[in-house]
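Topology and contacts: notes
What follows is each chain in one-letter form.
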Amino acid sequence: MIPNGVEEEDKFLSAGIAGLQQNAFYMHRALESNNLKDALKYSAQMLSELRTSRLSPHKYYELYMRAFDELKKLEIFFKEETKRGCSIVEMYELVQHAGNILPRLYLLCTVGSVYIKSKEAPAKDILKDLVEMSRGIQHPLRGLFLRSYLSQVSKDKLPDIGSEYEGDADTVVDAVEFVLQNFTEMNKLWVRMQHQGPAREKEKREKERSELRDLVGKNLHVLSQIEGIDLEMYKETVLPRVLEQVVNCKDEIAQGYLMDCIIQVFPDEYHLQTLETLLGACPQLQPSVDIKMVLARLMERLSNYAALSTDVLPEFFQVEAFAKLNSAIGKVIEAQEDMPIAGVVTLYSSLLTFTLHVHPDRLDYVDQILGACVKKLSGKGKLKDSKAAKQIVALLSAPLEKYKDIDTALKLSNYPHVMEYLDDATSKVMANVLVQTILKNKTYISTAENVEALFELMKGLIRDLDENLDDELDEEDFMEEQNSVARLIQMLHNDDPEEMLKIICAVKKHILTGGPKRLPFTVPPLIFNSLKLVRGLQNQDENAPEEEVSSMPKKNFQILNQIIEALSSVPVPELSLRLYLECAEAANDSDLEPVAYEFFTQAYILYEEEISDSKAQVTAIQLIIGTLQRMHVFGVENRDTLTHKATGYSAKLLKKPDQCKAVYSCAHLFWVDDQDNIKDGERVLLCLKRALRIAIAAQQMSNATRGSSGSVLLFIEILNKYLYFFEKGVTQITVASIQSLIELITTEMQSENKTADPAADALLACTLRYIQFQKDKGGAVGEKYESIRS
């Protein structure tokens, strides 16, 4: 019995090590004096310490390793003795006179190693003798370590083909027989350990057994290294014998570990050619064995083998690997009714990975696997198990990674059905995988049908599935997700205008369900994708029949209006106003005056009713003026209405400097170079004079409130506008008016109350240099500027 107390066990270990070291000391002294009799005596006493039953496997291993080190020295002594003429045969017989069986067998294995090296007898006979005599130790722990020692000292001395110990024609059979026999006996001892000790300590014993599993598994590793084992021998002898031992031991720990060992240590091509035998053993294992992991490891190994080279794929087709694996998985799942969903999905995920490597062109196989998964998930509802959900994400991600083409995934009829079983959080994760795959591979989605299917799969990113999810989501993560969706919308394209319009309608239907947080991210890219279609229609052949080309832009603009209306209700008025103006400009280029006017009207309504922040108003006015200045589609009445509104908004801005800048910008609305009907010098001058009055009023207010005249920057900016229109040929802008403004600026600059402003000084210097530059040009331009005194 192994004592419960750790301290007591440590005492036994210390006593064992002390006894071992003491006898090792006397053994070394005997070795140094070449006293064989005493060397054997003390080595046997040293090895007697391994007869203890008072140590746990972990502590026993520590004692064993110390004895192992000493045995290596003893082995060297035996080699030296044979060189000095001592008969190895006599030595082999001599060690068998040791009083206790365990020391006797350790010494026998040590001398046997030297005996094989001497080649005085066939290696197979000595190995057979050793493996048979080791049966004398039936204590599980002691027997395991003894046979482990035998395996260690003999692994490089097997009568293998090409080995220096090769014997007759059946030499490989002898090597295989020795390793298999040692493996079988070790496994029996290992399994028997579960029955040693009281039932209450079962969990502890299982842990200890797991720590010793490598001792047994090393035999299979040695077996896999035997060069003479060809496919035929593996198929006929090695695998059946190993599987027989695995199945018959009826031990959960041993079966799971040894099946994994078989898969890991033997060659891939052997597994492929013996697939039926290997899979046939799975249903015979204990119900508690994790067969799904065994099958998953096997499929992973075969998948990696298939991925190495396409040359090996015919082997897979020849043995019908997919059909056999699919059948085996079905039987395992059917037999284990209580298998967790995560386990089921793991199996199908491994089979899918295998299929994508071996049969990449067989979409029907992929869909079949997804269908089997759906069947198993049927009736389970949304998955609450995070492990199962992660496995489904892995399952659904595999086709995307393989084909790098979302169109292929969308052809799989069972793909969306599998996604239906994901909870909202995992559905969002999977949707993100889909989006990132498309963006990474730069895949363009070109049909409305595919867009519809894709956005249905992506609903976790597009709309609120669970009200609580977005509250928990980090703001930065949310923005990143929505920016990805926005980039995706730009990947939707078809050269056929009608199909593209269908795509836009499909996207619109989905994104308008996104709620106020998402629309500011998703609406703008859809607007610009629609405007791209409008621009494309403008470039169509002008000779095309009018009924074919005129209706399409109108439909598109109607959709655009509906989308921005939805966005303006969020509300994000500044963004909505920008988009209305973009659409107005596109309508202008399409010569659709009523449409452009409507977009401008909507922009003005937003400005009046929604934009109250003074900074936002300034930006909005500048956008309105800039867009209106580029419009050519409006008739006199509509343009006057819109221009009048813009100038009115400019004059009502809160801050005088903002008023001034907006008003002098309005001057551009009355003089457009490429439009002869928009050249009204009187109104240009009126705007500039009004701006100047506002600038003077701003100066006066500054004097009254701060006691200083403030900056003359506004006057200099107005001077630049005077010069611009003077150069454009506006007759109402005279040299006298420019000269008067320069003198006003000069006076203000020399004022005692002037506030220092480097920006104003720099701008004035640049302006005066420009006037001088124009004078120096000579000709008509020089003559025009000559009268201005700067």
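Here, the structure is the one placed above.
Our subject in this report is the structure included herewith. Here the structure is a predicted model, which means the values were calculated and not measured.

Conventions we followed
- Residues numbered from 1 in each chain as written.
- Predicted model: local features only at pLDDT ≥ 70, side-chain atom pairs only at ≥ 80, totals over all residues.
- Heavy atoms only, no water.
- Helix = DSSP H or I, 4+ residues; strand = E, 2+ residues; numbered from the N terminus.
- Rg over C-alpha atoms; globule rule 2.2 N^0.38 Å.
- Buried < 20%, exposed > 50% of the residue type's maximum accessible area, 1.4 Å probe, protein only.
- Contact = heavy atoms within 4.5 Å.
- Areas by Shrake-Rupley, 256 points an atom, 1.4 Å probe, with all protein chains shown as cover.
- Lys, Arg positive; Asp, Glu negative; His and termini not counted.
- Charge placed at Lys NZ, Arg CZ, Asp CG, Glu CD.
- Disulfide = S-S within 2.5 Å.
- 1 Å grid on protein atoms, 1.4 Å probe; cavity = no way out; pocket = protein on both sides within 12 Å on 5 of 7 lines; lining within 4 Å.
- Points joined across faces, edges and corners; volume = space filled by probe spheres on them.
- Nonpolar A, V, L, I, M, F, W, Y, C, P; charged D, E, K, R; others polar.
- Axes fitted to C-alpha atoms, helices over the stretch in contact; angles between N-to-C directions.
- Parallel < 35°, antiparallel > 145°, perpendicular 65-115°, else oblique.
- Left-handed = near helix turned anticlockwise from the far one by under 90°.
- Patch = residues over 30% accessible without salt bridge, like charges linked within 9 Å, V, L, I, M, F, W, Y side chains within 5 Å.
- Salt bridge = Lys/Arg side-chain N within 4 Å of Asp/Glu carboxyl O.
- Arc of directions from axis to C-beta.
- Expected span 1.5 Å × (residues − 1).
- Polar contact = N/O pair within 3.5 Å; in protein donor to acceptor, adjacent residues only side chain to side chain.
- Phe/Tyr/Trp six-rings, centres within 6.5 Å; stacked < 30°, edge-to-face > 60°.
- Lys NZ or Arg CZ within 6 Å of the ring centre and 35° of its normal.

Of regular secondary structure, the protein chain possesses 39 helices and zero strands. Against the compact-globule benchmark of 28 Å for 790 residues, the protein chain has a radius of gyration of 45 Å, which places it well outside the compact range. Reported as C-alpha extents along the three principal axes, the dimensions of the protein chain are approximately 135 × 65 × 55 Å. Within the protein chain, the proportion of its 790 residues that are buried is 51%. Here the analysis covers contacts within the protein chain between residues at least 6 apart in sequence; of these, 72% occur between residues at least 24 apart. In the form shown here, the protein chain has an accessible surface area of approximately 37100 Å², with 49% of it arising from carbon and sulfur atoms. The centroid of the 90 positive side-chain charges in the protein chain is displaced by 5 Å from the centroid of its 117 negative side-chain charges.

Under the defined criterion, the tally for this structure stands at zero disulfides. Here C373 stays unpaired: no disulfide links it, and the sulfur of C282, its closest cysteine neighbor, is 20 Å away.

A separate point is empty space enclosed by the protein. Counting across every chain of the model gives two cavities of 30 Å³ or more. Contributing elements (two or more residues each) for the lining of the largest cavity: α7 (140-154), α8 (171-192) and α9 (202-224). Per-element accounting of the lining of the largest cavity gives the leading share, three residues, to α8. Here the lining of the largest cavity is built from residues that sort into four nonpolar, four polar and one charged.

Glancing now at the packing of helix α14 (residues 291-308) against helix α17 (residues 341-358). Axis separation between α14 and α17 bottoms out at 9 Å; the angle between their running directions is 15 degrees. The orientation of α14 relative to α17 falls into the category roughly parallel. Between α14 and α17 lies a crossing whose hand is left-handed. Contacts between α14 and α17 involve K292, L295, A296, M299, L302, S303, A306 and A307 from the first element and G343, T346, L347, S350, L351, T353, F354, H357 and V358 from the second. Taken together, the residues that form the contact of α14 with α17 break down as 10 nonpolar, six polar and one charged.

Let us now look at a negative patch on the surface. On the surface, a cluster of negative charge is contributed by D474, E475, E476, D477 and E480. As for its placement among the helices and strands, D477 is situated in helix α26 (residues 475-489). The class for D477 is partly exposed, based on a relative accessible area of 38%.

What follows covers the pattern of salt bridges. Overall, the coordinates contain 26 salt bridges when judged by the stated rule. Between R135 and E132 there is a salt bridge, with the nearest N and O atoms lying 3.1 Å from each other. When its relative accessible area of 35% is taken as the criterion, E132 is described as partly exposed. For E608, the salt bridge is made with K645, and the minimal N-O distance between the two is 3.2 Å. Taken as a pair, E608 in helix α31 (residues 593-609) and K645 in helix α33 (residues 636-651) lie far apart in primary sequence, 37 residues in all. A residue is classified by how much of its surface remains accessible, and K645, at 36% relative accessible area, is partly exposed. Sharing partners across several salt bridges, the network here consists of E132, R135, E185 and K188.

Topologically, K157 is positioned in the loop between α7 and α8. Judged by its relative accessible area of 4%, K157 is buried. Setting aside its immediate chain neighbours within four residues, K157 contacts S113, I116, K117, A123, L127 and Y165.

So, about helix α6 (residues 123-133). It helps to recall that an α-helix has 3.6 residues per turn; residues three or four apart then point in one direction. Taken residue by residue, α6 has A123, I126, L127, L130 and V131 as its buried positions. Down the axis, α6 shows its buried residues gathered within 125 degrees of arc, on one side only.

So, about helix α38 (residues 758-777). With 20 residues, α38 ought to run about 28 Å at 1.5 Å a step, and its terminal C-alpha atoms sit 29 Å apart, in line with that. All of the buried residues in α38 are A760, L764, T767, I771, Q774 and K775. Looking straight down α38, one finds its buried side chains confined to an arc of 105 degrees; they lie on one side. Turned more than 90 degrees off the buried face of α38, the exposed positions are P758, R769 and D776. The elements touched by buried residues of α38 are α36 (713-728), α37 (735-750) and α39 (779-786). The backbone nitrogen of A759 lies 3.1 Å from a side-chain oxygen of the residue at the head of α38, namely D757. At the exit of α38 stands G778, carrying a positive phi of roughly 75 degrees.

Applying the stated criterion across every chain yields a total of 27 aromatic pairs. Seen from their ring centres, F322 and Y365 are 4.1 Å apart, and the 10 degrees between their planes marks the pair as stacked. In this pair, F322 is assigned in helix α16 (residues 321-335) and Y365 in helix α18 (residues 363-377), connecting sequence segments 43 residues apart. Both rings, one in Y770 and one in Y785, keep their centres 6.4 Å apart while their planes meet at 85 degrees; by these two values the pair is edge-to-face. You can see Y770 sitting in helix α38 and its partner Y785 sitting in helix α39, a full 15 residues away along the chain. Note on Y785: relative accessible area 0%, which makes it buried. Connected via pairs of aromatic rings, a cluster forms that spans Y60, Y61, Y64, F68, Y106, F145 and Y149. Above the ring of Y165, the side-chain terminus of K119 is found at 5.7 Å from the ring centroid.

Further remarks concern the side chain of Q245. In this structure, Q245 sits in helix α10 (residues 231-248). Once you skip the residues sitting within four places of it in the chain, Q245 turns out to touch F183, T184, N187 and K188.

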